[in-house]
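Structural features, examined
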Amino acid sequence: MTRVTRYGDGLAVVTVTYSPGETLETFLSTLATATTRPLSVVLADNGSTDGVPERAAEEHEHVTFLPTGGNLGYGGGANRGVASLSRDVGWVVVANPDLSWGEGSLDVLLEAAKRWPRGGAFGPLIREPSGAVYPSARLLPSLGRGLGHAVLGPVWPGNPWSREYRQATAAVEERTAGWLSGSCLLMRREAFDSVEGFDPRYFMYFEDVDLGDRLGRAGWLNVYVPEAEVVHVGGHSTRRSSARMLAAHHSSAYRYLSDRHAGAAWAPLRLAVRTGLGLRLRVLTRR
């Protein structure tokens, strides 16, 4: 019998840092207006060399610097941060350190959680620095939808598979989604525990897709709450600009699809997916 830990109603924010630079101060200063509730902040640090996370912890009483012992990736670092929290904390925010919080945004997410008792994860509307809305609440990438988006997305962004997957034409309203962007998530800690957090095998990319899928399989809902807004100062559009990041993205995409099509019967399909993603990576890298 699985033992369920009972948590209090406290709120904490976990952000994974890796030499975050000046964006961390924006993160912390705008976070102060995101909620009227007291909160603690854990900087799960994956090996920063700029000294910024340490200084932030020294300057802010509610901020804790937590070295993870190495570069564990986003999901692995977030897991360490959540594990460090006391049982008083029942609500956990996992967010990138390059966010700018909208005023009252966390309070809006917490209010939404009251309306969705089976909500395990809640995500705000995320804007790019340009003001454009990032499609952060999406369907899960099934084989057909995922491969159509992967193959045609770079050359035909408006293809029907990409539009469906990204929910490009969905109404901007509170609704459930297959998964929510991991750059900003409010999670019911009980739900996070029930799926054992992020899968640490995903070093970069798809850790949020995988989490959203596993939450759904465990009976929880992923809820998009666009009345809450944040700005991703770093911007999603620049995250896969380097060859290393492109390679990491493709590797994680393969892991996600292969995990869900395991066994000998699916071996030819896994080979085809690996080959196709490899060719796609070559094309994008050359471009």
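Just above, that's the structure.
Keep in mind it's a predicted model, so treat the numbers as computed, not measured. Residues take numbers from 1 onward in each chain, read along the sequence in its written order. Since the coordinates come from a predicted model, pLDDT governs what is reported: local features require at least 70, and pairs of side-chain atoms require 80 or more to be given and counted, while whole-chain, interface and lining totals use all residues. To get the side-chain values, take all heavy atoms of the structure and skip hydrogens and water.

1. Focus: the overall build of the protein
Cut-off, in case you're wondering: Every helix listed is a DSSP run of H or I at least four residues long, and every strand listed is a run of E at least two residues long, numbered separately from the N terminus. Summary of the burial criterion: residues with accessible area below 20% of their type's maximum are buried, those above 50% are exposed, and those between are partly exposed, where the area comes from a 1.4 Å probe applied to protein chains only. Contacts between residues were defined by any pair of non-hydrogen atoms, one from each residue, lying within 4.5 Å. The accessible surface values rely on the Shrake-Rupley method and a 1.4 Å probe; as for residues, cover is taken only from the protein chains in view.
For the protein, the helix and strand inventory stands at ten helices and twelve strands. Going through the 287 residues of the protein one by one, you find that 50% of them count as buried. A fraction of 79% describes how many contacts in the protein between residues 6 or more apart in sequence connect residues 24 or more apart. As displayed, the protein offers around 13,700 Å² of accessible surface, 55% of which is attributable to carbon and sulfur atoms.

2. With respect to the pattern of salt bridges
What counts, and what does not: Each salt bridge in this description consists of a side-chain nitrogen of Lys or Arg and a carboxyl oxygen of Asp or Glu lying within 4 Å of one another.
Enumeration according to the criterion identifies ten salt bridges in this entry. Notably, a salt bridge pairs arginine 37 with aspartate 9, separated by 3.4 Å at the nearest N-O pair. Placement of the pair is arginine 37 in the loop between helix H1 (23–31) and strand E2 (39–45) and aspartate 9 in the segment before strand E1 (10–17), with a sequence separation of 28 residues. Ionic pairing is found between glutamate 111 and lysine 114, a salt bridge with its closest N-O pair at 3.1 Å. You can see glutamate 111 and its partner lysine 114 sitting in helix H4 (residues 105–115), three residues apart, about one turn around the helix. The class for glutamate 111 is partly exposed, based on a relative accessible area of 40%.

3. Focus: the nonpolar core
The criterion, for reference: Nonpolar cores were defined as sets of buried Ala, Val, Leu, Ile, Met, Phe, Trp, Tyr and Cys residues, with membership established by side-chain atoms within 4.5 Å.
Phe27, Leu31, Trp101, Leu106 and Phe122 are the most contacted members of the largest nonpolar core, which has 33 residues in total. A total of five residues in this core trace back to one element, the largest contributor, which is H4. Discounting residues that sit within four places of it in the chain, tryptophan 101 has contacts with Phe27, Thr30, Leu31, Ala34, Val93, Ala95, Leu106, Cys184, Glu229 and Val230. With 27 residues, the next largest nonpolar core counts Ala12, Ala78, Ala121 and Leu185 among its residues.

4. Side note on the pairing of E1
Convention followed: Here, any two strands with at least 2 DSSP bridges between them count as paired.
Of all eight residues in E1, seven are buried; the element is thus mostly enclosed. Here six bridges tie E1 to strand E4 (residues 89–95), and the two strands are oriented parallel to one another. Its bridge partner being in E4, glycine 10 is matched across the sheet by valine 89. In the sheet, E1 pairs with E2 via seven bridges, with the strands oriented parallel. Paired with valine 13 across the bridge in E2 is valine 41.

5. Some thoughts on the packing of aromatic side chains
The condition that has to hold: Ring pairs are drawn from Phe, Tyr and Trp, using the six-membered ring of Trp, whenever the two centres fall within 6.5 Å, and their geometry is named by plane angle: stacked under 30 degrees, edge-to-face over 60, tilted for the rest. Only when the NZ atom of a Lys or the CZ atom of an Arg is both within 6 Å of the ring centre and within 35 degrees of the ring normal do we say a charge sits over the ring.
Following the criterion strictly, the structure yields four aromatic pairs and no others. Both rings, one in phenylalanine 27 and one in tryptophan 101, keep their centres 5.6 Å apart while their planes meet at 70°; by these two values the pair is edge-to-face. Residue phenylalanine 27 is located in helix H1, and its partner tryptophan 101 is located in strand E5 (residues 99–101); the two are separated by 74 residues in the primary sequence. Just as phenylalanine 27 is buried, tryptophan 101 falls in that class too. Ring pairs connect the aromatic residues Tyr74, Phe192 and Phe198, which therefore count as one cluster. One residue, arginine 118, lies across the ring of tryptophan 220, its end atom 3.9 Å from the ring centre.

6. Points about empty space enclosed by the protein
Inclusion rule: Definitions used throughout: a 1 Å grid over protein atoms alone; a cavity as a set of points that fits a 1.4 Å probe which cannot get out; a pocket as an open set with protein on both sides within 12 Å along at least five of seven lines; a lining residue as one with an atom within 4 Å of a point. Grid points are joined across faces, edges and corners, and a volume is the space filled by probe spheres set on the points.
Scanning the entire structure with this criterion turns up one cavity of 30 Å³ or more. Each pocket or cavity is described by its volume, and for the largest cavity that value is around 30 Å³. At the level of secondary structure, the elements contributing two or more residues to the lining of the largest cavity comprise helix H9 (243–259) and helix H10 (267–286).

7. Thoughts on the side chain of aspartate 210
Secondary-structure assignment places aspartate 210 in helix H8 (residues 207–217). When sequence neighbours within four positions are dropped, the list of residues in contact with aspartate 210 reads Asp199, Tyr202, Tyr256 and Arg260.

8. Some thoughts on the environment of glutamate 25
In this structure, glutamate 25 sits in helix H1. Among the residues examined, glutamate 25 registers a relative accessible area of 38% and is labelled partly exposed.

9. A look at the pairing of E2
Remark: a regular strand shows side chains that alternate across the two faces of the sheet. We count it as follows: Handedness of a crossover is defined as follows: orient the strands so they point away from the viewer, and if the path from the first strand over the helix to the second runs clockwise, the crossover is right-handed.
The buried count for E2 comes to six of seven residues, which makes it a mostly enclosed element. Crossover connection from E1 via H1 to parallel E2: handedness right-handed. Relative to strand E3 (residues 63–67), E2 is paired through five bridges, and the arrangement is parallel. Looking at E3, one finds that valine 41 is bridged to valine 63. Handedness of the crossover joining E2 and E3 through helix H2 (residues 52–59) is recorded here as right-handed.

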